[in-house]
Amino acid sequence: MFVLDDLLFRPFMGIVNALHSIALDELYDVEAIEDELKENQLLYELGERPEAEYRRRKEELEAELETARDVHERLSSGRVEVKR
């Protein structure tokens, strides 16, 4: 049974872990969130976004950015993996 695990499940789990990492990297794109923060600031400065909406969106994006950075830190340290 252990030989079967080694031959069938380990390669499969390696692929699943790689796909999981790619999906997390795409979902929590730090650069994209930083770009949204800049865009939000620019729209506010140009007068195209009211202050209340600017502040609300800024708080949302900062929370997302913190989460994204945490996820990327975990990915780089190898602490995120798929469990079977």
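Along each chain, numbering runs from 1 in the same order as the chain's sequence is written. With the structure being a predicted model, the display of local features is reserved for residues of pLDDT at least 70 and the display and counting of side-chain atom pairs for 80 or more, all residues being used for whole-chain, interface and lining totals. Here the side-chain values reflect all heavy atoms present in the structure, with hydrogen atoms and water set aside.

**Focus: the confidence of the model for the chain**
Thinking step 1. Confidence of the predictor at the level of single residues is given by pLDDT, which spans 0 to 100. This prediction gives the chain a mean pLDDT of 84; 82% of its residues lie at or above 70.
Thinking step 2. Strands here mean DSSP runs of E at least two residues long; helices mean DSSP runs of H or I at least four residues long; both are numbered from the N terminus. Mean pLDDT across the elements of the chain bottoms out in helix 1 (residues 2-27) (74) and peaks in helix 2 (residues 30-45) (96).

**Re a negative patch on the surface**
Thinking step 1. On the surface, a cluster of negative charge is contributed by Asp 25, Glu 26, Asp 29, Glu 31, Asp 35 and Glu 39.
Thinking step 2. Among the secondary structure elements, those contributing two or more residues to the negative patch are helix 1 and helix 2.
Thinking step 3. Structurally, Asp 29 is set in the loop between helix 1 and helix 2. Here a patch means residues that are over 30% exposed by relative accessible area and free of salt bridges, tied together within 9 Å if like-charged and within 5 Å if nonpolar (Val, Leu, Ile, Met, Phe, Trp, Tyr). Using the Shrake-Rupley algorithm and a 1.4 Å probe, accessible areas are obtained, with residue cover drawn only from the displayed protein chains. A side-chain nitrogen of Lys or Arg and a carboxyl oxygen of Asp or Glu constitute a salt bridge if their distance falls within 4 Å. When charges are tallied, Lys and Arg are placed among the positive residues and Asp and Glu among the negative ones, while His and the ends of the chain are skipped. A charge is said to be at NZ when it belongs to Lys, at CZ for Arg, at CG for Asp and at CD for Glu.

**Some points on the packing of helix 2 against helix 3 (residues 51-77)**
The angle between the axes and the distance between the axes are what describe a pair of packed helices.
Thinking step 1. Running from amino to carboxyl end, helix 2 crosses helix 3 at an angle of 165°, the nearest separation of the two axes being 9 Å. Here helix 2 is positioned roughly antiparallel relative to helix 3, judged by the angle of their axes. The chirality of how helix 2 crosses helix 3 is left-handed. Each of Val 30, Ile 33, Glu 34, Glu 36, Leu 37, Asn 40, Gln 41 and Tyr 44 in helix 2 lies in contact with helix 3, whose residues at this interface are Glu 51, Tyr 54, Arg 57, Lys 58, Leu 61, Glu 62, Glu 64, Leu 65, Ala 68, Arg 69 and His 72.
Thinking step 2. All amino acids are sorted into three groups, where Ala, Val, Leu, Ile, Met, Phe, Trp, Tyr, Cys and Pro are nonpolar, Asp, Glu, Lys and Arg are charged, and the leftover types, Gly among them, are polar. Partitioned by chemical class, the residues of the contact of helix 2 with helix 3 number eight nonpolar, three polar and eight charged. For every element, the axis is a line fit to its C-alpha atoms; helices are fit only across the contacting stretch, and the angle between N-to-C directions ranges from 0 to 180 degrees. Angle categories are assigned with fixed cut-offs, so that under 35 degrees is roughly parallel, over 145 is roughly antiparallel, 65 to 115 is roughly perpendicular, and the rest are oblique. Definitions for this section: a left-handed crossing has its near helix turned counterclockwise from the far helix by less than a right angle. A right-handed crossing has that turn clockwise. Two residues form a contact once any of their heavy atoms are found within 4.5 Å.

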